[in-house]
Amino acid sequence: MAIDYKTRIPNNVDLDGNRRLQRALESWQPHYIDWWRQMGPDRFLENDVYLRTATSVDAKGWATYGAVKMPDYRWGIFLADAVPDRRIGFGDHKGEPAWQEVPGEYRSILRRLIVTQGDTEPASVEQQRMLGHICPSLYDLRNLFQVNVEEGRHLWAMVYLLHAHFGRDGREEAEELLQRHSGDADKPRILATFNEPIDDWLSFFMFCYFTDRDGKFQLKCLAESGFDPLARTCRFMLTEEAHHMFVGDTGIQRVTKRALEVMNELGTDDPAAVREQGAIDLPTIQKYINFWFSSAVDLFGADISSNAASYFADGLKGRPDEGRYEDHDCREAFFTVEGFDAAKGKIVTEDVPMRKAMNAVVRNAYIADCAIGVKRWNRLITKAGQDFELRLPSPRFRRDVGVWADFQFDPDGNPLSAEEWAQRKDEWIPSPDDRAFIKSLMQPVNKPGKMAGWIAPPDRGINNQPVDYEYVRL
Ligand code: BYC
């Protein structure tokens, strides 16, 4: 169904035909706008930004570009087209028709999944709210705001599901999504990564590459859901997620490229010399990778999880691209999970029922996907004739969730004592000095076509516009 832009809440779910739901969402809308004004991007609300807006939900033609003031962005409710006669693809209900309404017995567990997903969307906007003041270029500033408005729309997507399918509890949860705030001591966001401050652009690029990629994988899992409205919502959200990861990937590429230019100009790989020239040295980029990757791998939950087993058994949350697997039941299957025998100081393995290991399965797929960009960045390094390799740290490194959480490991996965960790952690994750250095580089550059000295220009502009286009009119 085409998106109706004439109504207060653009949608392709025939909101006009359901007055009660329409009224409920229209009463949530002003709270959302208030939240955007208070917790969304600081300033820039009256500036024209070159944004894309979804116009239809099919693969092509779903975006139009034009100058928009952010509070006027048309947030709305867009579901991917229904698949006729869709059947549940996995778990105990495999082969049954997908549910159009929430099955009573799964109501609270589904609500929890939707709330957890929904909570991350406004959280990320809150985390990034001050970045506009220190943008490296207008091109980057526009990308930040594009990501922000789309995360705002993803919140709308989850709020629609809560309002449409969970009655009063759903409406209360929708309110609470605007009341918890990233980093708030009393009402923090649900998942840890979403309470980490993002106050420099290197962290922003890392977040878009690693954390948004968790979004991609979780959305792919939910896109398989037997609850069809959730599956359709997530399928459409995935089309927008690709741009967010592009921002992260190309951002890290451009920072790396600039470091390499400086290294080759100076004829040295000395990090201090690179910093002296106002670029970010490769070892510091590695530390930011270590920090954000380890934070993101926690987002998949415990490696052995009865929650994950129930989500799968009940047909609520599948694996990414479930169709690619042969066994969609997984009752008889086992999966080998690693663990740590602290007494012996040894890595051990355990075969656990596959259903309980679903978080580990999804995490492994995520890690393989993360490695693709790292390979690309390393190709740049090799091409520039430098001898340095960026790497993903071991998944054991710096974990707070799952089997590794109570122990310390170095980036190669070797066990460490708590003392060794405390002594050496600044070698592996950004130290206060590293953060202060990165912060010192964060001076705003806001003339069309100009770039901060620590980042190379992008290869091309947005939607065939030149790089020096005035992406945000200040
Ligand atoms: N921090 O069995 P367990 C995105 C909790 S990102 C704090 O291990 P489960 C985006 C867990 O909630 C995608 N707490 O985990 C990206 C549970 O608590 P309760 C977000 C954590 O349930 C960038 C307890 O620990 N979407 O879209 O199997 C920008 C034990 O649970 C954490 C989703 O996550 C953590 N890291 O799996 C914008 C999808 N990890 O309930 C957006 C929905 C776990 O016992 N969520 N816990 O109090 C889920 O599928 C699952 O809840 C999780 C965890 C994968 C998160």
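Preceding block: the structure.
Residues numbered from 1 in each chain as written. Predicted model: local features only at pLDDT ≥ 70, side-chain atom pairs only at ≥ 80, totals over all residues. Heavy atoms only, no water.

## A short note on the overall build of the protein
What counts is decided by this rule: Where helices and strands are cited, they refer to DSSP runs of H or I of at least four residues and of E of at least two residues respectively, numbered from the N terminus. It is over C-alpha atoms that the radius of gyration is taken, and the globule rule equals 2.2 Å times the number of residues to the power 0.38. Using a 1.4 Å probe on the protein chains alone, a residue whose accessible area is under 20% of its type maximum counts as buried, one over 50% counts as exposed, and one in between counts as partly exposed. Note that accessible areas follow from Shrake-Rupley with a 1.4 Å probe, and for residues the cover is restricted to the protein chains shown. Counting rule applied: Lys, Arg positive; Asp, Glu negative; His and chain ends not counted. We put the charge of a Lys on NZ, of an Arg on CZ, of an Asp on CG and of a Glu on CD.
Helices and strands together make up the secondary structure of the protein, namely 12 helices and 7 strands. Since a compact globule built from 474 residues should have a radius of gyration of about 23 Å, the 23 Å found for the protein is in line with a globular shape. Viewed in the frame of its principal axes, the protein has a C-alpha envelope of about 65 × 60 × 40 Å. When each of the 474 residues of the protein is scored for burial, the buried share is 57%. Only carbon and sulfur atoms are counted for the fraction: they give 48% of the accessible area of the protein, which is about 19,800 Å². Here the protein carries 60 positive and 74 negative side-chain charges, and the mean point of each set is 4 Å from the other.

## Some remarks on the side chain of S137
The line we're drawing: We call two N or O atoms a polar contact when they sit within 3.5 Å, provided that within protein one can donate a hydrogen and the other can accept it, with sequence-adjacent residues counted only if both atoms are side-chain atoms. Whether two residues are in contact is decided by their heavy atoms: any pair within 4.5 Å suffices.
Note on placement: S137 falls in the loop between α2 (107–127) and α3 (138–165). Within the local environment of S137, its side chain forms a polar contact with the backbone nitrogen of Y139, the two atoms lying 3.3 Å apart. A polar contact of 2.6 Å, which involves the side chain of S137, links it to the side chain of D140. When sequence neighbours within four positions are dropped, the list of residues in contact with S137 reads V445, K450 and M451.

## Concerning the packing of helix α8 (residues 282–297) against helix α10 (residues 358–383)
We count it as follows: Geometry is summarised by axes, namely lines fitted to C-alpha atoms with helices restricted to the contacting stretch, and by angles between N-to-C directions that run from 0 to 180 degrees. Here the word oblique covers every angle except those under 35 degrees (roughly parallel), over 145 (roughly antiparallel) and from 65 to 115 (roughly perpendicular). The classification used treats Ala, Val, Leu, Ile, Met, Phe, Trp, Tyr, Cys and Pro as nonpolar, Asp, Glu, Lys and Arg as charged, and all other residues, Gly among them, as polar.
Running from N to C, α8 and α10 point in directions that differ by 170°, and their axes come no closer than 12 Å. Comparing the axis directions of α8 and α10 gives the class roughly antiparallel. On α10, the residues touching L282, I289, F293, A296 and V297 of α8 are R363, Y366, I367, C370, W377 and I381. Partitioning the contact of α8 with α10 into residue classes produces 10 nonpolar, no polar and 1 charged.

## Some details on the layout of surface pockets
What counts, and what does not: Cavities and pockets were defined on a 1 Å grid built over protein atoms only: a cavity is a set of grid points that admits a 1.4 Å probe from which the probe cannot escape, a pocket is an open set flanked by protein on both sides within 12 Å along at least five of seven lines, and lining residues are those with an atom within 4 Å of any such point. Grid points are joined across faces, edges and corners, and a volume is the space filled by probe spheres set on the points.
Roughly 790 Å³ of volume is contained in the largest pocket. Lining the largest pocket are 38 residues; nearest its centre among them are T116, L191, D214, L299 and F300. Elements with a contribution of two residues or more to the lining of the largest pocket: α2, α5 (201–222), α8 and α9 (306–313). Among the elements that take part in the lining of the largest pocket, α5 stands out by supplying 8 residues, more than any other.

## What to know about the nonpolar core
Here is the rule we go by: Nonpolar cores are built from buried Ala, Val, Leu, Ile, Met, Phe, Trp, Tyr and Cys residues. Side-chain atoms within 4.5 Å join them into one set.
Counting 119 residues, the largest nonpolar core has W201, F210, Y366 and W454 as its most contacted members. Among the elements that make up this core, the one with the highest residue count is α3 (14 residues). For F210, the residues in contact, after removing those within four places along its chain, are I289, W292, F293, A296, Y366, C370 and L392. Counting 8 residues, the second-largest nonpolar core is a separate cluster that includes F312, C330, M354 and M358.

## Overview of the packing of α5 against α8
Quick reminder of the rule: The hand of a helix crossing depends on one turn: near helix anticlockwise from the far one by less than a right angle means left-handed, and clockwise means right-handed.
Running from amino to carboxyl end, α5 crosses α8 at an angle of 45°, the nearest separation of the two axes being 9 Å. With respect to their mutual orientation, α5 and α8 come out oblique. As for the relative orientation of α5 and α8, their crossing is right-handed in sense. Contacts between α5 and α8 involve L202, S203, M206, F207, F210 and T211 on the former and, on the latter, I285, Y288, I289, W292, F293 and A296. Its residues assigned to classes, the contact of α5 with α8 shows 10 nonpolar, 2 polar and no charged.

## With respect to the pattern of salt bridges
The cut-off we apply is this: Salt bridge, as used here, is a side-chain nitrogen of Lys or Arg placed within 4 Å of a carboxyl oxygen of Asp or Glu.
Enumeration over the complete set of coordinates arrives at 39 salt bridges. One salt bridge connects D169 with R107, and the closest N-O pair in it is separated by 3.5 Å. Taken together, the residues span a long stretch of sequence, with D169 in helix α4 (residues 167–179) and R107 in helix α2 at a distance of 62 residues. The class for R107 is partly exposed, based on a relative accessible area of 30%. In this structure, D281 engages R275 in a salt bridge whose closest nitrogen and oxygen atoms are separated by 2.8 Å. Several salt bridges share partner residues, and in doing so they unite D119, E126, E176, R180 and R189 into one network.

Function cannot be inferred from these measures alone, as they are strictly geometric.
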